[in-house]
Amino acid sequence: MCTLGLGAADSTFFETQNQSPLVSIFGLPFLGEARTLGNGEGSFRVTLDLANHFAGDSAPGEEVELDGESKRFTLSGRYGVGSRGEVGVDIPVIATGGGFLDHFIENFHSTFGFPNHGRDLVPRGRLRYRYQRNGVSVLDMEQSGSGVGDVRLTGGWQVYQSSDARRNWSLRGSLKLPTGDPDRLRGSGSTDLALWVVGSSRSERLVLSGAIGAMGMTRGDVLPDQQRPVVGFGAFAIAYDVAPWLALRAQVNAHSSFYSGSQLREVNGPSAQLTLGGEVRCSRRTSIDLGLSEDLIVNASPDVVFHAALRYGF
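Residues numbered from 1 in each chain as written. Predicted model: local features only at pLDDT ≥ 70, side-chain atom pairs only at ≥ 80, totals over all residues. Heavy atoms only, no water.

### Quick look at the overall build of the protein chain
Point 1. When helices and strands are counted, the protein chain shows one helix and 15 strands.
Point 2. Here the protein chain, with 314 residues, has 53% of them falling under the buried criterion.
Point 3. Per element, the accessible surface of the protein chain, about 13,800 Å² overall, is 60% carbon and sulfur. (Helix = DSSP H or I, 4+ residues; strand = E, 2+ residues; numbered from the N terminus. Buried < 20%, exposed > 50% of the residue type's maximum accessible area, 1.4 Å probe, protein only. Areas by Shrake-Rupley, 256 points an atom, 1.4 Å probe, with all protein chains shown as cover.)

Given below as structure tokens:
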């Protein structure tokens, strides 16, 4: 039982982003903390995002269907360099298939009177990612599998820290490399560079955090004729310490559209997700994050994502 941790976190962010099959292939970064690690400090984090996808729509000349389930495991390492710097790496492993959550989600919706939006009209456990444009299938994937995704190299620089260390600002960046297979939607085929600013303010029990940034992308291999070269992203989060070992969290992530030339929200639409959950501090070095994400803009991100992360600092 994790009951030994002390103190509030420097950042309230869940390390998660939009898990849509058409978005997660790009380099939207984990936002990190407003305080960079000190010289010689390090951390390891193992993250799991389990996402259930069910979205579809049509418009003149277009039809999209995203039905499946994905598991994204990410091994992350961070290390402090000098008095202000930080370097790191994120290595994802992505498994895609029909999954097992369809039955649970359908029953949950029925129990609480929520609409299933056609979930009960298609086979459970199906994998089908398909997008047709002007009568041509520009995306068609029904084969499950797993493999390494696009690796990200990360860095950070402490811009400001107040004398009592309760207010922090850092400039962060990431470089996503095209190491994943775009044909299996484990990567985009593009090289993505993201830059963003993270800030936090901490009182005795409350932590407020915000981030805003932009990402530029080279031409990828997934819907290349519609891919935008630049997107903007941001987030706001709040955490409250209910006990020395437990903090409750709420977070909103948002980003602009990754594609153009479509009337469908699943393809060409901004996205926002709400994640609710908490952090359990097992010790001064170890903590566990648990969260549940919902789409604030329907069909622009998965209906439900289960998030878990284990962090160890040294």
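### A word on the environment of Gln132
Point 1. When you line up the elements, Gln132 lands in strand S4 (residues 128-133).
Point 2. Classification of Gln132 by relative accessible area gives partly exposed; the value is 26%.
Point 3. Residues Gln132 and Glu63, spaced 69 residues apart in sequence, show a C-alpha to C-alpha distance of 5.2 Å.
Point 4. Apart from residues lying up to four places away in sequence, Gln132 is in contact with Gly61, Glu62, Glu63 and Ser137. (Contact = heavy atoms within 4.5 Å.)

### Quick notes on the side chain of Asp49
Point 1. Looking at the secondary structure, you find Asp49 in strand S1 (residues 42-59).
Point 2. Although buried, Asp49 forms no salt bridge, and the nearest oppositely charged side chain, Arg72, lies 5.9 Å from it.
Point 3. For Asp49, the side chain forms a polar contact with the side chain of Thr16, separated by 3.0 Å.
Point 4. Setting aside residues up to four positions removed in sequence, Asp49 forms contacts with Glu15, Thr16, Gln19, Ser70, Lys71, Arg72, Val305, Phe306 and His307. (Lys, Arg positive; Asp, Glu negative; His and termini not counted. Salt bridge = Lys/Arg side-chain N within 4 Å of Asp/Glu carboxyl O. Polar contact = N/O pair within 3.5 Å; in protein donor to acceptor, adjacent residues only side chain to side chain.)

Honestly, it's all geometry; don't read function into it.
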